[in-house]
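Now for the letters of each chain:
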Amino acid sequence: MKRWSAVVAAVLLVAAVSLMISMGAAAQEVIRVGADTAFPPFEFVDEATGEYTGFDMDLIRAIGEQMGVKVEIVNTVFDSLIPALLLGEFDVIVSAMTITEERAQTVAFTDPYFRTGLVIATRPDNTSIKTTDDLKGKIVAVQMGSTGHFAADALPGVGRVDPYQFVDQAMTAVIIGAADAAILDELVAIEYMQAHPASIKVVGEPFTTEEYGMAVRPSDTELLQRINAALAELRANGTYDQLYEKWFGVD
Ligand code: ARG
């Protein structure tokens, strides 16, 4: 009798442990993606469907598919993305984040997936702002913690730099005249110009060269490798080009 109950207990234990293992494996099939989803056309909410959409969102979903994992988007203010990643609130940042040396001291970046630069945006009737030199004494609106913010802070003679939590607020500051100009990523500025041609224009060419990368915790070396491998595959099989074409029209 005793022996039988020992056998039953052993069988139950094995069953319980294998169930726990398989549940664990299933739970690992999700990667959580941190993004400030207010940065069109890279990440934003599709008003018709309420879904997160944009180039970055399509790209990370395609990467997830390639990796055989589910992708879950966690909306987070841009300036909090790195601390939240390090705290484990999600596993990877995909948020049009520029690879910088400073950031690379705390997070591990994937291979670059997008090349761009910063531009100045101002009101269409402003003819005095043509280059960064013309921002002397001016009020410049930026998104807090963005490379546009860092660039504005580093420009000599700028009258005042006003950081806003969301890029949309920085653009609104320009539109209503609370700021003379904004500094932000080129394709986002162009998107705003196209949406509000009477209120926003992009001035000249980008004055920096930047590359976007996805970021993971430095200890997640395997995840980093898997994302890089999936990204390389999507570049090789034409998916990357299709997404580029879908969101930016040209390749
Ligand atoms: N590329 C810029 C940076 O890394 C701005 C990115 C802002 N992204 C966003 N989803 N708000 O600082």
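Our subject is the structure that appears above.
A few points on the structure. (Residues numbered from 1 in each chain as written. Predicted model: local features only at pLDDT ≥ 70, side-chain atom pairs only at ≥ 80, totals over all residues. Heavy atoms only, no water.)

## Considerations on the sheet that holds strand β6 (residues 108-109)
Strand pairing in a sheet takes place through backbone hydrogen bonds and is either antiparallel or parallel in direction.
Turning to step 1, where the next piece is worked out: Strand order across the open sheet formed by 5 strands is β4-β1-β5-β14-β6, with mixed pairing between neighbours. Each end of this open sheet is capped by a strand with a single partner; those strands are β4 (70-75) and β6.
Turning to step 2, where the next piece is worked out: Of the strands in this sheet, β1 (30-35) and β4 are in contact with helix α2 (residues 55-67), which crosses β4 at around 150°. (Pairing = 2+ DSSP bridges. Helix = DSSP H or I, 4+ residues; strand = E, 2+ residues; numbered from the N terminus. Contact = heavy atoms within 4.5 Å. Axes fitted to C-alpha atoms, helices over the stretch in contact; angles between N-to-C directions.)

## Brief notes about the site of the ligand
Turning to step 1, where the next piece is worked out: Taken together, 14 residues lie near the ligand, and Asp36, Ala96, Thr98, Thr147 and Asp185 sit nearest.
Turning to step 2, where the next piece is worked out: Asp36 places a side-chain nitrogen or oxygen 2.6 Å from a nitrogen atom of the ligand.
Turning to step 3, where the next piece is worked out: Side-chain polar atom of Glu43 to a nitrogen atom of the ligand: 3.0 Å apart, as the coordinates give it.
Turning to step 4, where the next piece is worked out: One can see that the ligand is located within the largest cavity.
Turning to step 5, where the next piece is worked out: Tallied by class, residues from the shell around the ligand come to 5 nonpolar, 5 polar and 4 charged. (Near = heavy atom within 4 Å. Polar contact = N/O pair within 3.5 Å; in protein donor to acceptor, adjacent residues only side chain to side chain. 1 Å grid on protein atoms, 1.4 Å probe; cavity = no way out; pocket = protein on both sides within 12 Å on 5 of 7 lines; lining within 4 Å. Sits in = over half its atoms within 2 Å of the grid points. Nonpolar A, V, L, I, M, F, W, Y, C, P; charged D, E, K, R; others polar.)

## Let's talk about the layout of surface pockets
Turning to step 1, where the next piece is worked out: Looking at the second largest pocket, its volume works out to about 200 Å³.
Turning to step 2, where the next piece is worked out: Every residue along the wall of the second largest pocket is listed here: Phe78, Asp79, Leu81, Ile82, Pro83, Met97, Thr100, Glu102, Arg103, Thr106, Gly145 and Phe150.
Turning to step 3, where the next piece is worked out: Broken down by element, the lining of the second largest pocket gets its largest block of residues, 3 residues, from helix α3 (residues 81-86).
Turning to step 4, where the next piece is worked out: Of the residues that constitute the lining of the second largest pocket, the class distribution is 6 nonpolar, 3 polar and 3 charged. (Points joined across faces, edges and corners; volume = space filled by probe spheres on them.)

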